[in-house]
Amino acid sequence: MDFLVKFAEAFIGMFEKGGETFIDMFTGIIPTLICLILAVNALIKIIGEERIDAFARKTTKNIILRYTLFPFLAVFFLTNPMAYTFGKFLPERQKPAFYDSTVSFFHPITGLFPHANAAELFVYMGIAQGITTLGHSTGPLAIRLFIVGLIVILIRGILTERITIAMMKRQGISVTD
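Residues numbered from 1 in each chain as written. Predicted model: local features only at pLDDT ≥ 70, side-chain atom pairs only at ≥ 80, totals over all residues. Heavy atoms only, no water.

*Asks:* So what exactly am I meant to see when it comes to the side chain of Asp100 here?
*Replies:* Mapped onto the fold, Asp100 is located in helix α6 (residues 95-105). The exposure class of Asp100 is buried, given its relative accessible area of 12%. Within the structure, the side chain of Asp100 is placed 2.6 Å from the side chain of Arg156, a separation counted as a polar contact. The contacts of Asp100, once residues within four sequence positions are left out, are Arg156 and Thr160. (Helix = DSSP H or I, 4+ residues; strand = E, 2+ residues; numbered from the N terminus. Buried < 20%, exposed > 50% of the residue type's maximum accessible area, 1.4 Å probe, protein only. Polar contact = N/O pair within 3.5 Å; in protein donor to acceptor, adjacent residues only side chain to side chain. Contact = heavy atoms within 4.5 Å.)

See the structure below:
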């Protein structure tokens, strides 16, 4: 009988923990995210969607900038998860590759710019603690991680774009702007 009571308590405890997590998110990240969305939308209205769209088009004409600079700007200024909204300035065939590049850059940017993905900072800090324990600076690690991150997101972006275009053609979907 004691086993059933402990099982029932553990079972309901799991849902209570889920509720606590939901409330933490509802009182923590969700209001921040809503304020960030409002601020970004206000900034877009102030600057003008046409100007931002023109800047995005110029930046993304070059495939290298499209999968390095553009995701960097998105992650640096909008952080996780708002950075994905920059995809709205791209044609459909480039959106999956932009998403892939952006999501792949959230960890490499953390060493130099912790605000970009504060939720993942604990991973970088764990690695950095090992480096500092050995008596080394974390600066070179952060820079190397950032540079390798840019290279990786470029490769992922190019490959994902090519795969997306091939799949669109196979399904008979137009790949022109």
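*Asks:* Which parts of the structure should I look at to understand the packing of aromatic side chains?
*Replies:* The geometry of an aromatic ring pair is captured by two quantities: the separation of the ring centres and the angle between the planes. The final tally for this structure, using the stated rule, is 16 aromatic pairs. Here Phe70 and Phe86 contribute two aromatic rings whose centre-to-centre distance is 5.2 Å and whose plane-to-plane angle is 40°, an arrangement assigned as tilted. One end of the pair, Phe70, is in helix α5 (residues 69-82); the other, Phe86, is in the loop between α5 and α6, and 16 residues separate them in sequence. Put simply, the rings of Phe72, Phe76, Phe77, Phe105, Phe113 and Phe146 pair up and form one aromatic cluster. (Phe/Tyr/Trp six-rings, centres within 6.5 Å; stacked < 30°, edge-to-face > 60°.)

*Asks:* Would you mind going over the side chain of Thr102 with me for this structure?
*Replies:* Relative to the elements of secondary structure, Thr102 occurs in helix α6. At 2.8 Å, the side chain of Thr102 forms a polar contact with the backbone oxygen of Phe98. Other than its neighbours up to four places away in sequence, Thr102 contacts Pro71, Val75, Ala83 and Tyr84.

*Asks:* What is the right way to look at the pattern of salt bridges in this model?
*Replies:* Side chains that differ in charge, positive against negative, can pair when their charged atoms come close. Under the criterion given, the structure shown has five salt bridges. When the shortest N-O distance is used, the salt bridge between Lys6 and Asp2 registers 3.9 Å. One end of the pair, Lys6, and the other, Asp2, are both in helix α1 (residues 2-27), four residues apart, so they sit about a helical turn from each other. In terms of burial, Lys6 and Asp2 fall into one category: exposed. Here Arg156 makes a salt bridge to Asp100, at a shortest N to O gap of 2.6 Å. Placement of Arg156 in helix α8 (residues 139-170) and of Asp100 in helix α6 is noted, with a sequence separation of 56 residues between them. Overall, the relative accessible area of 36% leaves Arg156 in the partly exposed class. (Salt bridge = Lys/Arg side-chain N within 4 Å of Asp/Glu carboxyl O.)

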